[in-house]
Amino acid sequence: MPAVLGGGIGGLSAAYYLTRRYVNPVTVYESSNRLGGWIRSENHYDENFIFEAGPRTIRTKGPAASNTLELMEELNLNREIYPICDSHPAARNRMVYAKGQLCMLPNSLMGAFKTLPPFTKPLISALFHDLRAGSKIQKNNDESMYDFVHRRFGKEIADYAISPMICGICAGNAKEISVRFLMNDLFDWEQKYGGVIKGLLFRDKKKANKKQESGVLPKLAKDQNWSIYSIKGGLEMLPITLGGYLTNYSEIKLNSKCQNVSFHKDNTAEVRINGTNIPTDHVVSSLPAFKLAKAVELQHPDLADRLNKIQYVDVAVVNLQYRSPDLLEQEAFGFLVPPIENLPILGVIFDSCCFNMRGNTVLTCMMGGHWFEKLFGKNPTEKDILDVALKNVRDILGIEMQPKTSRVHILRKCIPQYTVGHKARVDGIRDYVKKHKLPLTLCGSAFDGVGVNDVILSSRIQVDQIVGSK
Ligand SMILES: Cc1cc2nc3c(=O)[nH]c(=O)nc-3n(C[C@H](O)[C@H](O)[C@H](O)COP(=O)(O)OP(=O)(O)OC[C@H]3O[C@@H](n4cnc5c(N)ncnc54)[C@H](O)[C@@H]3O)c2cc1C
């Protein structure tokens, strides 16, 4: 019976795909007293608003997104989806706070021809920059996102578009994050064709042809131009529904901490849960890399070393509810702060603009990430964090009112950082597992992408490989 470690979206989706492929039963071991991991929603039904402590929206474009929509459909969540279409202000309007003002990023072709702050040239000029820039073959087939964008599109794009975007996606420093994290194809085009635009023109178009959407939801999302979505009642409804489905086919053990994993010569394994050794024929780990490292370090210190090289950052999430519906001057998804501005926040999401929260303005302020300790020290109090969030909301958005409800979540080591060399590190980890013939499968956000879609798709691909090999 396979043992799945971790009951976040990675572990739950791995257990789901295992049971769908008739590997029954499966046992999921989760150390805390709930499912969902970082996905945590606090629903205030009486006042029509939701606070999300972790993720709040899921993307709809691309194969990983279609895979999640297929999963939603299989779980009968079709009617629960709360989509935001491409034409909605929360999909169209994204801002950065730079040079003392909120600046709308261009959202149309016309916008790309105008000079809009914080840029001093029209965005279209970045394309000419790419055409003029020579190409530079990277020795290790990787470089930082910042260096790549700086080289190809210029410093302004690197500072005011890409750096804040990386803060928004993984709370990371674009100067350290691998270009392959988000721009794999663009980087490969440059290396192969000598530039991004050249790659766009000369790449193999057949390979780039999009596959037809399968399933009702992916097709609906495409036909109705969904941009992002959540679930009615909050994103936590996804792990809750998955957990409900799984109880029919598997065992879910909460408050069950995995302390050690050991492997035997006969290709079986043993997991120590709360002090008891439990035999298993296969271990599927969705644990954060540093936690799996601790569990395998006695028997496989080299594997533990490799896992420990995947770094994580702390993020502070501050949810704010104001009992007034119209405190925001501009409807938008929110704004991000470029690190070059040296402000103590990563950005603010306008939750009540994304989703209807009747009678309320609801905001989420994200803070810390790569800069957490430098900004807040090792152990800031919740009050310290709340005060910084409120000051910045007041200074930038002009909201003087005190929030009626607020929550501060200090999320330790919550987002893995795919720093330069990440792909090679992950290949090295998986090669180690293969070479030592360990009955171990790795999924979760540490390896193949940090978004909810990436994590679910990774579980599916990794489970397919176990089932295929048996
Ligand atoms: C603040 C924040 C905002 C985000 N926003 C978005 C967003 O808007 N959209 C998006 O797509 N993605 C977003 N993400 C990313 C996404 O939420 C995560 O990548 C994803 O939820 C990770 O899932 P996981 O299962 O890999 O890990 P986790 O959620 O960390 O799950 C791992 C589970 O393992 C358990 N565990 C740990 N140690 C043990 C042990 N020894 N034994 C047993 N169990 C153990 C933990 O309790 C946890 O439940 C966000 C992440 C954060 C932190």
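Residues numbered from 1 in each chain as written. Predicted model: local features only at pLDDT ≥ 70, side-chain atom pairs only at ≥ 80, totals over all residues. Heavy atoms only, no water.

A few points about the overall build of the protein
Selection criterion: Helix and strand definitions follow DSSP, with helices as H or I runs of at least four residues and strands as E runs of at least two, each counted in order from the N terminus. Radius of gyration here uses only the C-alpha atoms, and the compact-globule reference equals 2.2 Å multiplied by the residue count raised to the power 0.38. Classification of residues uses two cut-offs on accessible area relative to the type maximum, computed with a 1.4 Å probe and protein chains only: under 20% is buried, over 50% is exposed, and between them is partly exposed. For this analysis, residues touch if any pair of their heavy atoms sits within 4.5 Å.
The secondary structure content of the protein amounts to 19 helices and 20 strands. For 470 residues, the compact-globule estimate of 2.2 N^0.38 gives 23 Å, and the protein sits close to it at 23 Å. Its C-alpha atoms put the protein at 65 × 55 × 50 Å along the principal axes. Taking all 470 residues of the protein together, the buried fraction comes to 52%. Taking the intrachain contacts of the protein between residues at least 6 apart in sequence as the baseline, contacts between residues at least 24 apart amount to 71%.

A closer look at the site of the ligand
Let me state the cut-off plainly: Nearness of a residue to a molecule or strand requires only that one of the residue's heavy atoms be within 4 Å of it. Whenever a nitrogen or oxygen atom comes within 3.5 Å of another N or O atom, the pair is scored as a polar contact, on the condition that within protein one atom can donate a hydrogen and the other can accept it, and that pairs from neighbouring residues in sequence are kept only if both atoms are in side chains. Exposure was quantified through the Shrake-Rupley algorithm and a 1.4 Å probe, taking into account, for residues, occlusion by the shown protein chains and nothing else.
Around the ligand there are 31 residues in total, and Gly10, Glu30, Ser445, Val450 and Val452 lie nearest to it. One nitrogen or oxygen atom from the main chain of Cys258 is found 2.9 Å from a nitrogen atom belonging to the ligand. Compared with its free state, where it exposes 1000 Å², the ligand has 88% of that area covered by protein. Breaking the shell around the ligand down by element, the ones donating at least two residues are helix H1 (9–20), strand S19 (405–417) and helix H19 (452–469). If you tally residues by element for the shell around the ligand, the top one is S19, at three residues.

Some remarks on helix H8 (residues 184–193)
Of all the positions in H8, only Phe187, Trp189, Glu190 and Gln191 are classed as buried. Elements in contact with the buried residues of H8: helix H6 (145–153) and helix H9 (196–202). Of the residues one or two after H8, Gly194 is the one with positive phi, at around 90°.

Overview of the state of the cysteines
As a reminder of what qualifies: Pairs of cysteine sulfur atoms within 2.5 Å are what we label disulfides.
For the structure on display, the rule yields zero disulfides. No disulfide involves Cys365; its sulfur sits 12 Å from the nearest other cysteine sulfur, which is in Cys167.

A look at the sheet that holds strand S16 (residues 334–336)
Going by this rule: Here, a strand pair is defined by DSSP locating no fewer than two bridges between the strands. An axis is simply a line fitted to the C-alpha atoms; with a helix, the fit covers only the stretch in contact. Between two such axes, the angle follows the N-to-C directions and lies from 0 to 180 degrees.
Spatial ordering of the open sheet is given by S8-S7-S16-S17-S18-S15-S19, a layout of seven strands whose pairing is mixed. Here the strands that pair on one side only, and so sit at the sheet edges, are strand S8 (101–104) and S19. Geometrically, the sheet is characterised by an average inter-axis angle of 25° between neighbouring strands, direction not taken into account. Sheet topology places strand S15 (residues 311–322) next to S19; ten bridges connect them, and they run antiparallel. From the neighbouring strand, Tyr312 faces S19, where its bridge partner is Pro416. On the sheet, helix H17 (residues 382–397) packs against strand S7 (94–98), S8, S15, S16, strand S17 (347–350), strand S18 (361–369) and S19 and is oriented at approximately 65° with respect to S15.

Considering the environment of Phe447
With respect to the helices and strands, Phe447 occurs in the loop between strand S20 (440–442) and H19. A sequence separation of 29 residues divides Phe447 from Tyr418, and the C-alpha atoms of the two residues are 8.4 Å apart. Each residue touching Phe447, except ones within four places of it in the same chain, is listed here: Leu307, Ile310, Tyr418, His422, Val426, Ile429, Arg430 and Leu442.

Description of the domain arrangement of the protein
Rules: Annotation comment: domain bounds sourced from an automatic or database domain assignment.
For the protein, the domain assignment lists domain 1 (3–37 + 238–300 + 438–469) and domain 2 (90–208). Just the C-alpha atoms count here: the centres of domain 1 and domain 2 sit 36 Å apart.

Description of unusual backbone geometry
Cis geometry is adopted by the peptide bond preceding Pro118, which originates at Pro117 and carries an omega value of 10°. Secondary-structure assignment places Pro118 in the loop between helix H4 (109–112) and helix H5 (125–132). For Asn76, which is not glycine, the phi torsion reads 60° and is therefore positive. Inspection of the secondary structure puts Asn76 in the loop between helix H2 (63–74) and strand S6 (81–85). Phi at Lys413 is positive, roughly 45°, even though this residue is not glycine. Residue Lys413 is classed as partly exposed on the basis of its relative accessible area, which comes to 38%.

What to know about the side chain of Glu47
By secondary structure assignment, the location of Glu47 is in the loop between strand S3 (41–44) and strand S4 (49–52). Judged by relative accessible area, which is 15%, Glu47 ranks as buried. At a separation of 2.8 Å, a polar atom in the side chain of Glu47 contacts the side chain of Lys404.

Comments concerning the sheet that holds strand S12 (residues 269–273)
If you walk across this open sheet you meet the three strands as S11-S12-S13, and the pairing is antiparallel. Among the strands making up the open sheet, the edge pair consists of strand S11 (258–263) and strand S13 (276–280). Neighbouring strand axes in the sheet, compared pairwise and without regard to direction, differ in orientation by 20° on average. Relative to S13, S12 is paired through five bridges, and the arrangement is antiparallel. Across the sheet, Ile273 pairs through a bridge with Thr276, a residue of S13.

A word on the packing of H2 against helix H11 (residues 216–223)
Operational definition: Note on angle classes: values under 35 degrees are labelled roughly parallel, values over 145 roughly antiparallel, values of 65 to 115 roughly perpendicular, and the remainder oblique. Under the grouping applied here, Gly and all other residues not named as nonpolar or charged are polar, the nonpolar ones being Ala, Val, Leu, Ile, Met, Phe, Trp, Tyr, Cys and Pro and the charged ones Asp, Glu, Lys and Arg.
The interhelical angle for the contact between H2 and H11, taken along N-to-C directions, is 125°, at an axis separation of 7 Å. As summarised for this structure, H2 and H11 are arranged oblique, according to the angle between their axes. Here H2 contributes Ser66, Leu69, Glu70, Met72 and Glu73 to the contact with H11, which in turn contributes Val216, Leu217, Pro218 and Ala221. Class assignment for the residues of the contact of H2 with H11 results in six nonpolar, one polar and two charged.

Side note on the side chain of Glu30
Turning to its location among the elements, Glu30 is positioned in the loop between strand S2 (27–29) and S3. Contacts of Glu30, omitting those with residues within four sequence positions, involve Gly6, Gly7, Gly8, Leu35, Lys253, Leu254, Asn255 and Ser256.

Observations concerning H2
For the record, the criterion: Given a helix with a known number of residues, its expected span is that number minus one, times 1.5 Å.
Here H2 is twelve residues long and its end C-alpha atoms lie 17 Å apart, about the 16 Å a rise of 1.5 Å per residue gives. A large share of H2 lies buried, amounting to nine of its twelve residues. Of the residues trailing H2, Asn76 is marked for its positive phi of about 60°.

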